[in-house]
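What follows is the residue order along each chain.
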Amino acid sequence: MSEIKSDFTFSKKYDKEFSQRYARSRKQKPSRRFANFWEIQMARKALRLAGNPRSILDLPCGTGRFWAMLAEEPTRELMAGDSSLPMMEMARASHAERIADRFHCLHTDALHIDLPSKVVDSILCMRLMHHIHDPATRLAIYREFARVSRCSVCVSLRVDGNFSAWRRARRHTRKGKPGVNRNVIAAAQAEQELSAAGLRIIGKVDLLRYYSMWRTYVLRVD
Ligand SMILES: C[S@@+](CC[C@H](N)C(=O)[O-])C[C@H]1O[C@@H](n2cnc3c(N)ncnc32)[C@H](O)[C@@H]1O
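Throughout this document, residue positions are counted from 1 along each chain, in the order its sequence is written. Whole-chain, interface and lining totals are the exception, using all residues; otherwise, since this is a predicted model, local features are given only for residues with pLDDT of at least 70 and side-chain atom pairs are given and counted only at 80 or more. The side-chain values count all of the structure's non-hydrogen atoms but skip hydrogen atoms and water molecules.

(A) Representation of the pattern of salt bridges within the structure. A pair is scored as a salt bridge if a Lys or Arg side-chain nitrogen falls within 4 Å of a carboxyl oxygen belonging to Asp or Glu. All chains considered together, the criterion is met by 12 salt bridges. Between E39 and R127 there is a salt bridge, and its shortest N-O distance comes to 2.9 Å. You can see E39 sitting in helix 2 (residues 30–49) and its partner R127 sitting in the loop between strand 4 (120–125) and helix 6 (135–148), a full 88 residues away along the chain. Here the salt bridges share partners, and the residues they tie into one network are E191, K204, D206 and R215. Think of it this way: any DSSP run of H or I at least four residues long counts as a helix, any run of E at least two long counts as a strand, and we number them from the N terminus.

(B) Representation of helix 6. Between its terminal C-alpha atoms helix 6 stretches 20 Å, which fits the 20 Å expected from 14 residues at 1.5 Å a residue. Between buried and exposed lies partly exposed: a residue is buried under 20% and exposed over 50% of the maximum accessible area for its type, with that area taken using a 1.4 Å probe on protein chains only. The complete set of buried residues in helix 6 reads T137, R138, A140, I141, Y142, E144, F145, A146 and V148. By definition in these notes, contact holds between two residues if any of their heavy atoms fall within 4.5 Å. Residues of helix 6 that are buried in the fold lie against strand 1 (55–58), strand 4, strand 5 (149–158), helix 8 (187–196), strand 6 (199–206) and strand 7 (214–221). Helix span is expected to be 1.5 Å times the residue number reduced by one.

(C) Representation of the pairing of strand 1 in the model. Burial along strand 1 is two-sided: the face carrying S55 and L57 and the face carrying I56 and D58 are both buried. Note on pairing: DSSP must find at least two bridges between two strands before they are called paired. For strand 1 and strand 2 (residues 77–82), the ladder comprises four bridges, and the chain directions are parallel. Opposite L57, over in strand 2, you have M79 as the bridge partner. The sheet contact formed by strand 1 and strand 4 spans three bridges and is parallel.

(D) Structural detail: the sheet that holds strand 2. Spatially, the seven strands line up as an open sheet ordered 3-2-1-4-5-7-6, and their pairing is mixed. In this open sheet, the two strands that pair with only one neighbour each are strand 3 (103–107) and strand 6. The mean angle between the axes of side-by-side strands here comes to 20 degrees, regardless of whether they run parallel or antiparallel. On the sheet, helix 4 (residues 85–93) packs against strand 2 and strand 3 and is oriented at approximately 165 degrees with respect to strand 3. Lines fitted to the C-alpha atoms define the axes, with helices restricted to the stretch that makes contact. Angles between their N-to-C directions range from 0 to 180 degrees.

Below, the structure is given as structure tokens:
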């Protein structure tokens, strides 16, 4: 693991103040509420394609945007992990006890998940990987997911091949900064990295096909 170049400086911004802002903005701003609704739909559909797993690790859970949806299955075993304690505390505080108490929470890093191998049926990983710009680090995280999950992994990424990615790239080029848009990955490269980690693509769920950059890959652990 020592050769992995960590570019996790972004992780440090998730303090108490950020967690409050994050939770508030998702609830108050109409555009965010709209995006939130569709992202939850995307995750729900991805999990359906994954075969409605009986046990799920939500990693990173952030402020628990997916908790109510994940808890819709009354017998599902639920775990949630994040490297930020304030984000996890906000997740617990902003949900009713009947939902929050369903989750076993874990303070952990996606690169070294503090769990034994093959401990859950599936991992849901939303809005993490677009922050990770180093391909070797992405690969190491995908391998860690393949170690911890028995059956499937659902990962959201920002990919190219849609209107939003094209518009972003054009803006950057106009500003004289081509190639600076590091949060978007070529779909072909993403798929090659996932398969290199032993994750087989069984489905792709786009937030808004041809328009949005967000895509959730549904992956089988081979
Ligand atoms: C944009 S939030 C997304 C959270 C949630 N999945 C969602 O979509 O609302 C990113 C989260 O990743 C967490 N995070 C950052 N680096 C991490 C790491 N190395 N391991 C685990 N979680 C990390 C942050 O603390 C933050 O809660």
